[in-house]
Amino acid sequence: MDVFLQIVVNGLLLGGMYVLVSVGLTLIFGVIRVANFAHGELLMVGMYAVYLLSKYLGLHPYVAAGPVVIFLFIIGVAIQRFIMQPLMNADPEIQIFATVGLSTALMNLALLVFGADMVSVQATGLRERFHIGSVRLIYANMVMFLTAVTLVVGLDLFLTRTYMGRAIRATSQNRLAAPLMGINVKKVYVLTFGIGAGCVGLAAALVAPTYPVFPTIGTYFVLTAFVIVVLGGMGSLYGAFAGSMIIGLIDSLSGFYIAPDLREVVYFLIFIIILIVRPTGLFGLGRGSE
Amino acid sequence: MNQDIVIGRGVSASTRGNPLRALVEPRVYLSLAAILLLLAIPVGVDSAFVYHVFVTICLYGALATAWNIVGGYAGQLSLGHATFYGIGGYTSVLLLDHYQISPWVSMWIGAALAAAVGVAISYPCLRLRGPFFALGSIAFLEVFRLLVTHESDLTGGASGLIVPLKIGWKWMIFREKYPYLLIAFGFLSVTLLVSLAIRKSRFGYHLVAVREREDAAMAAGINTVKVKLLAVLISAALTAMVGSFHAMYTTFIDPPTMFSLEFSVQIAMFALIGGLGTFAGPLAGTLLVVPITELARGWLGGAAGGLHGFVYGAVLLLIVLMLPAGIVGRFGGALARLVSRLPGARPTEDPEVTAELTPVVTAAAAGQPVLVAKNIVKRFGGLAATDNVSLELRKGEILGLIGPNGAGKTTVFNLLSGFLTPDSGTVEVVNESGQTVSPKAPHGFAHAGIGRTFQIVKPFGKLTVLENIMIGALHKCRTISEARCKALRVARHVRLYDDRHTIASNLTVSGLKRLEVARILAMEPQILLLDEVMAGQNQTDVNLAVEMIRNIRDKGVSVIAIEHNMHAIMKVSDRVVVFNSGRVIAEGAPEDVVQDPAVIEAYLGEEYMHAQAI
């Protein structure tokens, strides 16, 4: 029973990390309707930024979160403005290729600049364990979980209580009607991509203490993030949260009860089933909204 | 000079029936010469490195061309094509390892396996659009990779498999380099030939139609699911065969290399860079990118880890932003025009045709019911859009369907043409041989002889007017040239002959409406469902439309027409059915229906009565 509880807690905390990575993706996918295949590379860029800041300026990764979030926000804005915006009316296949090209270019650029070796950020005690009852937890994972909850609640408040947030939601629901109501759609998209990328920056800062950094680390996360986003429903923050918890639990449970190397098979199969049966996801708006 | 923009140049009159004469055409002899260079250059230079580069070009070109059949022609963006490549590679190596089967034999087994897998995984995913299909294909690729890694007893798992080194043509393993080049060139030629054959065939036209507008393709009688699955089958088989050969070439396989997402993305990339959906595009993209990166890798060596990947990504981004149609898409037309000035080119002319429509002969006698709907019901949520409707269409009559907006007229059309299935009730059609059938799905209804137009026109916007009509003509015609003749005739009949080479999206509203009718007429339906063909047109065009409908009927076609133009519908209909809120509220001769108080209240209004002085 203790083992089961430990596995469940591991799963939930893992889910917390996934929330941080997939929240940005669900915003971008849900509002701009672009499958950002470069999402993992944005995480990778963020992690390298955290690494550089901690190595050369001695910043604690959590402190580095501030500048890294801003840095990724600017990158997100630039991507939307200079790459995606000119393609706004192009075929969706063309848009996909743009993000794929960006992903390949970024990943290999990192390979050129940093080489393939793994580097690590100083853990500064974040990888230490503590106990709640019989369950073992790692500080860094706990921090990620709590930040994930805060992030989701905060973004939800932004989306529901502010004008800009409502403008973003309106644009995601009807791209043609929104400008008729005075919403500057280009600005909404730029801001959304920026926010989405900023979330990934936050994820990078919090993930860096527990994962090594190397050029292809993005690929480990991006597919899982897509699974979560589709499962939870594009554009739904609470969907991303629920999806992350589900995937985290499946990951943890199947890793222990089935086989460690078949974890991903389980959730890819679930992904395929969702795609076929209900592609709009658990919290999506139903058929036709995709 | 004829230029079919999207589908490709028509066969010139003088070469029809004699393919060897085609060799004289500059397009053909230049292309052959260019392809043969791929063999000539490495043999001439005779360096192991150059051989390797050209083998890579041939193989990637073959893979990209095979991918293009699904990703370009069929428009389904697969980013998991390495699934098939891996199946081919592993099948060959395992069969060689355990049973000493020659790769020349096992590659066919691999191809069959990959084709079956392809159909199985694509069928449920066909409804998925754009990014969702891509994600699905990636998910399947990952599942395969993980399963192959896991089943290490069978497949060698993560440590991979070494190909047993048996030398000779039987085993596809050689000491010299040039046999590899010959085989790789062979694969490239085969994939190019298959791709070309598809392009010029009826199947190719069907693929374009399905890619451009799936519902209009369904209305033209195309079984869109079958068409897409066939494309996947061919593409998967070709990809697997290349995978088998490549395994022999590299002599070592493991799951990450054989089921590689990066590799899947690369072959798709080459097709896009060259021109998605064009014939020569994938090879052109490969020719542009591979030599650059292989040379860079050769010169800079290990210090440039990641350089080739960066070049791929950067080139892709540049092409997407500046030349989304790809190299061939953007420059192909201009190049073709240049090439056609060379000696040997023959101008292609459209044959002269009359405007006579083929009479439609069916087994049914005049006045007999040919389309019968009994008690059909269709609900959307709580709303009964069609509420217990029964109607019949008799042979040779023009039936008018009128009623206020939202009455459910188009829903009934959808039910009568297979685009919607009734929740209860039946729709029966007496087909041309006199049998009564209950068709399913739009293409089933089309085979029973029903053609329908859409209220909001659905042209194949990027194709020319002639190509649009040909898509309909291919329903009954088996060859492209037959379809072209019929399409020209129909174009004359609807007064679109002069616009036949105009891109459809450039037509006026009146032209688009006529094109919609033309495409369906070319199918030679026995029953025609016209949804508001007169909407938004001026009086002259309305009168011409009335005349056109009468001509169509005189040729033996039975017509149901939805219209709001009361004047026109009264002139042209033999009988009228009136709808309101999903139900039939009146039926009969036009003069009688118009005086029915229920109809006046629901639709016509008192003013109409006074205006008609009835």
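Residues numbered from 1 in each chain as written. Chains lettered and ligands numbered in written order. Predicted model: local features only at pLDDT ≥ 70, side-chain atom pairs only at ≥ 80, totals over all residues.

A. Quick peek at the packing of helix α5 (residues 139–161) of chain A against helix α6 (residues 163–173) of chain A. Residues and elements named next belong to chain A. Where α5 contacts α6, the two axes come as close as 5 Å, and the packing angle between them is 85 degrees. By the angle between their axes, α5 is roughly perpendicular relative to α6. Note on element contacts: α6 touches α5 through G165, I168 and R169, opposite F158, L159, T160 and R161. Of the residues contributing to the contact of α5 with α6, the split by class is 3 nonpolar, 2 polar and 2 charged. (Axes fitted to C-alpha atoms, helices over the stretch in contact; angles between N-to-C directions. Helix = DSSP H or I, 4+ residues; strand = E, 2+ residues; numbered from the N terminus. Parallel < 35°, antiparallel > 145°, perpendicular 65-115°, else oblique. Contact = placed C-beta atoms within 7 Å. Nonpolar A, V, L, I, M, F, W, Y, C, P; charged D, E, K, R; others polar.)

B. Looking closely at the pairing of strand β10 (residues 558–562) of chain B. All names here are of chain B. Extensive coverage of β10 is indicated by the burial of 5 of its 5 residues. The alternating pattern of β10 places S558, I560 and I562 and V559 and A561 on opposite faces, both of which are buried. Two elements, strand β5 (residues 398–402) and β10, share 4 bridges in a ladder whose sense is parallel. Looking across to β10, one finds that G400 is bridged to A561. Of the pairings in the sheet, the one linking strand β9 (residues 527–531) to β10 comprises 5 bridges and is parallel in character. Bridge assignment links L529 to a residue of β10, and that residue is I560. Handedness of the β9-helix α21 (residues 539–554)-β10 crossover: right-handed. (Buried ≥ 20, exposed ≤ 12 C-beta atoms within 10 Å, placed from the backbone. Pairing = 2+ DSSP bridges. Right-handed = clockwise from strand over helix to strand, strands pointing away.)

C. A look at the environment of L223 of chain A. Secondary-structure assignment places L223 of chain A in helix α9 (residues 217–232). By C-beta crowding, L223 of chain A is classed as buried, having 23 other C-beta atoms within 10 Å. In the structure, L223 of chain A is positioned 144 residues away from I79 of chain A in sequence and 20 Å away in space, judged by C-alpha atoms. Contacts of L223 of chain A, omitting those with residues within four sequence positions, involve I138 and E142 of chain B.

D. Structural context of the confidence of the model for chain B. All names here are of chain B. Predicted confidence across chain B gives a mean pLDDT of 87, with 94% of residues reaching 70 or more. Of all secondary-structure elements in chain B, the lowest mean pLDDT belongs to helix α25 (residues 606–612), at 68, while helix α10 (residues 224–250) reaches the highest, 95. Predicted confidence for residues 1–16 stays below pLDDT 50, and this span has 37 contacts to residues more than four positions away or in other chains. Listed scores for the predicted complex are pTM 0.88 and ipTM 0.90. (pLDDT = per-residue confidence, 0-100.)

E. Summary view of the domain arrangement of chain B. All names here are of chain B. Under the domain assignment, chain B is made up of domain 1 (13–339), domain 2 (371–449 + 526–614) and domain 3 (456–524). Averaged C-alpha coordinates put domain 2 and domain 3 at centres separated by 24 Å. Taken together, the 7 residues of domain 2 in the interface contact 8 residues of domain 3. Across the side of domain 2 that touches domain 3, the residue classes tally to 4 nonpolar, 2 polar and 1 charged. (Domains from an automatic or database assignment.)

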